[in-house]
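Notes for the structure review
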Amino acid sequence: QPVEATDDAFWDQFWADTATSVQDVFALVPAAEIRAVREESPSNLATLCYKAVEKLVQGAESGCPSEKEKQIVLNCTRLLSRILPYIFEDPDWRGFFWSTVPGAGRAGTDEVDDDSARPLAESLLLAIADLLFCPDFTVQSHRKGGPDTAEDIQSIDSCEYIWEAGVGFAQSPPLNYIHDLNRTELLKLLLTCFSEAMYLPPSSENNILNPWVTFFCSTDNRHALPLFTSLLNVVCAYDPVGYGIPYNHLLFSDYREQLVEHAVQILIVTLEHEGSPAASSPHTDSPPATATLDDQDPVGPDNLFVNYLSRIHREEDFHFILKGVARLLTNPLIQTYLPNSTKKIQFHQELLVLFWKLCDFNKKFLFFVLKSSDVLDVLVPILYYLNDARADQSRVGLMHIGVFILLLLSGERNFGVRLNKPYSVRVPMDIPVFTGTHADLLIVVFHKIITSGHQRLQPLFDCLLTIVVNVSPYLKSLSMVAANKLLHLLEAFSTPWFLFSASQHPERCLCLLTGADLIVQMFSFPGNCNLVYAIIRKRNIFHQLANLPSDPSSIQKALQRKKKSPEAISRTSSQEGLSMEGSRPAAPAEPGTLKTSLIATPGIDKLTEKSQVSEDGTMISLQKTDSPQTPSDNSGIAGVSDTESNSGRDNEDVFYTETERRRLSNVSSAAQWIPTPDWVLSWKTKLPLQTIMRLLQVLVPQVEKICIDKGLTDESEILKFLQHGTLVGLLPVPHPILIRKYQANAGTAMWFRTYMWGVIYLR
């Protein structure tokens, strides 16, 4: 039966009695009971929420001087964290927190009339913000002796109480694990408030903002700046290894880790912008407009967290952020002689989303990252995660975020230049051992993903190949292993049946050819003799492409071949060699984790725009023209392959096992794909074969002559000859470098939102 709101004795028993831990709250308040109360006596559930929020507001006003008050605040925080999801899951209750409390004025006092009463959600968010800077509860008190008086918490300047030194704050307050625990409890409640987005059906309407986030990051929250800075600094200053004492994480509880994990989750959820590409470079000098949902452009710096992030500009701040993110991303890769002796963090996916948002919202940060070799400290862990997750369908989201970051970086010239740095860190990955540069590592890992990843990675192939093309003009040398991998991919993507079997397939072959062509053109020989040697060895690929038939009967004949036995391009033919010491093979998904329901990502033509690199290295954006290789059915095929489950894959076949061939033909027939001679000619004439054919024409006779004259069987002699040879004046004039730069679009913004909440939910 309904209980009167005035019956304080009844309501106080929920929070006043004893210290209840989170586990106790979850055990004492089971899901079934909350749902039963919601259905059978909704007024009691409503009163419980009002009362709990009221207690938090009172605690925020008084500053929780006594231990008892602190305990009441913590109990209410845990109780609300438990109940909120059950309010969000019921469509009839969703508006509940945005309604006003009958008879209660702003901030829980009764003097103000009902019109100016705040919605419950706003009172709750403001109370949480106040409590996060409550002296002696969540921050160190600056007062000497005596409890803080009531007006103190309302009058303190929270910028003096930022949690950690770093961006915009120099002093590092002493560590206090009780404060860390209390902050973590409040951040959990905050995250629960923001999680209403998870209970709404995904909408393609891109301008629907999360009202909880919008209010919390608005000027109504007087703590927005110190809180943003506290969260960012706590994350970037965290060092899980500490002093490096082995097994220290088993001896001591690390309360900071939980806080860091929740801080990074709050950051990625609050740093949201919608829709228009203008949002990716907010104009910080324009006054923020009021954020209404029906504005054409509800984005940019109305969200104060985005505003502050986009305005960070000091070099030392960028250095602090980049070092912190790189340290945490590299942490799971650390190798030690003592097994499990160092702490391994688990929130690398959230860190990748944060890094993406940093680069997306603050272009100065992106340029700082690419200015030095520090970008490689982020690249190596990303390649490690991509290689490790390639066989596990439940981690398809991690694959996407890693590839998106590399696509964004590859649009900048400096990234390609940095890749020439020798790769000496030996991170254990199950890839062939090689001696070379970071570019070699990138190509070898991409080859591994394409040839031995699972079926749902197909939509990423275009991104991976685009990255290779974007960096290829700047690569000064490729190792023999990487050169062979590149040619092996080209061989797989240039077989006639593959080229003819779907409309977007020639684009992949074109990408790889362009990459090989650019490397040969830009740095003629000395550095790239390995690639030239690989091209000479595999010259039949290029002759086959140059003579590709385009008459209907030949097209049909090529397509018929897929109905017969698979044309296995065996993995062994690509000289796998030994894997690195200490590496483990990529593991498939755990049972029951396959069905990750991420929305399909946009096609490469929507993800990127073409830019031309001018003489001085600056980029000129090119107007889009519809290329014949990517007609409208592209997106349909990408969407299908993203939701396909893994088809049984024969270990010896790189690309086209029988099931895959069947799947490809099913997809093709679903999209009614029929290759025509005109279509074949439309892309065949664009294949950049001129340079490579000229190179073969000049070099093949010379190499054959040396082999016959000297009776050579050793490739090192041939490589020496190629290294000292020159083709100056013989190759055609280099054509302009075209790069596909990532461009912000509604599809990826939507994808990020679903991915981010999926990660947080599963953690």
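Because the structure is predicted, anything quoted here is derived from the model rather than measured. (Residues numbered from 1 in each chain as written. Predicted model: local features only at pLDDT ≥ 70, side-chain atom pairs only at ≥ 80, totals over all residues. Heavy atoms only, no water.)

**Observations regarding the overall build of the protein**
Scanning the protein from N- to C-terminus turns up 34 helices and three strands. The burial tally for the protein puts 56% of its 763 residues in the buried class. Across the protein, the fraction of contacts at a sequence separation of at least 24, relative to all contacts at a separation of at least 6, is 81%. Carbon and sulfur atoms make up 55% of the accessible area of the protein, which amounts to about 32500 Å² in all. (Helix = DSSP H or I, 4+ residues; strand = E, 2+ residues; numbered from the N terminus. Buried < 20%, exposed > 50% of the residue type's maximum accessible area, 1.4 Å probe, protein only. Contact = heavy atoms within 4.5 Å. Areas by Shrake-Rupley, 256 points an atom, 1.4 Å probe, with all protein chains shown as cover.)

**So, helix α12 (residues 255–270)**
Helix length check: α12, at 16 residues, gives a terminal C-alpha distance of 23 Å against a target of 22 Å (1.5 Å per residue), a fit within 8%. Taken across its 16 residues, α12 has 14 buried, putting it largely inside the fold. (Expected span 1.5 Å × (residues − 1).)

**Some remarks on the packing of helix α5 (residues 67–88) against helix α8 (residues 177–194)**
In the contact formed by α5 and α8, the axes pass within 9 Å of each other and the chain directions differ by 20°. Classed by the angle they form, the pair α5 and α8 counts as roughly parallel. Considering how the two elements wind past one another, α5 and α8 form a crossing that is left-handed. Contact residues: Leu 74, Thr 77, Arg 78, Leu 80, Ser 81, Leu 84, Pro 85 and Phe 88 in α5; Asn 182, Glu 185, Leu 186, Lys 188, Leu 189, Thr 192 and Cys 193 in α8. Among the residues making up the contact of α5 with α8, the classes are represented as eight nonpolar, four polar and three charged. (Axes fitted to C-alpha atoms, helices over the stretch in contact; angles between N-to-C directions. Parallel < 35°, antiparallel > 145°, perpendicular 65-115°, else oblique. Left-handed = near helix turned anticlockwise from the far one by under 90°. Nonpolar A, V, L, I, M, F, W, Y, C, P; charged D, E, K, R; others polar.)

**What about the environment of Phe 461?**
Within the secondary structure, Phe 461 is located in helix α21 (residues 461–471). With relative accessibility at 3%, the residue Phe 461 sits in the buried group. Each C-alpha atom, one on Phe 461 and one on Arg 508, is 8.0 Å from the other, the two residues being 47 residues apart in sequence.

**Comments concerning the side chain of Glu 196**
As for its position among the elements, Glu 196 is in the loop between α8 and α9 (211–216). This buried residue, Glu 196, is left without a salt bridge; Arg 94 holds the nearest opposite charge, at 4.9 Å. Not counting the four nearest positions on each side in its chain, Glu 196 is found in contact with Phe 88, Arg 94, Trp 98 and Trp 212. (Lys, Arg positive; Asp, Glu negative; His and termini not counted. Salt bridge = Lys/Arg side-chain N within 4 Å of Asp/Glu carboxyl O.)

**Considering the packing of aromatic side chains**
Evaluated as defined, the whole model comprises 24 aromatic pairs. Where Tyr 50 meets Phe 96, the ring centres are 5.6 Å apart and the plane angle is 35°; that geometry is what we call tilted. Residue Tyr 50 is located in helix α4 (residues 42–62), and its partner Phe 96 is located in the loop between α5 and α6 (120–131); the two are separated by 46 residues in the primary sequence. The same class applies to Tyr 50 as to Phe 96, namely buried. Relative to Phe 404, the ring of Trp 356 lies with its centre 6.2 Å away and its plane at 45°, an arrangement referred to as tilted. Placement of the pair is Trp 356 in helix α15 (residues 348–361) and Phe 404 in helix α18 (residues 396–410), with a sequence separation of 48 residues. Looking at Trp 356, the relative accessible area reads 4%, which means it is buried. One aromatic cluster is present, built from ring pairs that chain together Tyr 50, Phe 88, Trp 93, Phe 96, Phe 97, Trp 98, Tyr 199 and Trp 212. (Phe/Tyr/Trp six-rings, centres within 6.5 Å; stacked < 30°, edge-to-face > 60°.)

**Looking at helix α31 (residues 677–684)**
Helical geometry: 3.6 residues make up each α-helical turn, so side chains three or four residues apart lie on a common side. If you check which residues of α31 are buried, you get Trp 679, Val 680 and Trp 683. Angularly, the buried residues of α31 cover 100° about the axis, an arc narrow enough to put them on a single face. (Arc of directions from axis to C-beta.)

**Description of the environment of Leu 409**
Summarising the element assignment, Leu 409 is placed in helix α18. A relative accessible area of 1% means that Leu 409 is categorised as buried. Note: C-alpha distance between Leu 409 and Leu 366 (43 residues apart in sequence) is 8.0 Å. Discounting chain neighbours no more than four positions away, the residues touching Leu 409 are Leu 366, Leu 370, Val 375 and Phe 415.

**Things to note about the confidence of the model for the protein**
The pLDDT averaged across the protein works out to 75; a share of 69% of its residues lies at or above 70. pLDDT under 50 marks residues 275–300. Its contacts with residues more than four places away, or in other chains, come to 39 contacts. In this model residues 564–576 is a low-confidence stretch, pLDDT under 50, and it forms 45 contacts with partners more than four residues away in sequence or in other chains. (pLDDT = per-residue confidence, 0-100.)

**Observations regarding the packing of α6 against α8**
Running from N to C, α6 and α8 point in directions that differ by 155°, and their axes come no closer than 10 Å. The orientation of α6 with respect to α8, classified from their angle, is roughly antiparallel. Every pair of crossing elements has a handedness; the one defined by α6 and α8 is left-handed. Where α6 abuts α8, its residues Leu 124, Leu 125, Ile 128 and Leu 131 lie against Leu 186, Leu 189, Leu 190, Cys 193 and Phe 194. Taken together, the residues of the contact of α6 with α8 break down into nine nonpolar, no polar and no charged.

**A closer look at a nonpolar patch on the surface**
Together, Met 198, Tyr 761 and Leu 762 give the surface a local cluster of nonpolar side chains, amounting to about 370 Å² of exposed area. Checked against the element boundaries, Met 198 lands in the loop between α8 and α9. (Patch = residues over 30% accessible without salt bridge, like charges linked within 9 Å, V, L, I, M, F, W, Y side chains within 5 Å.)

**Some points on the environment of Ala 46**
For Ala 46, the position within the fold is in helix α4. For the pair Ala 46 and Phe 96, spaced 50 residues apart in the sequence, the C-alpha separation amounts to 8.3 Å. Excluding its chain neighbours within four sequence positions, the residues that come into contact with Ala 46 are Trp 93 and Phe 96.

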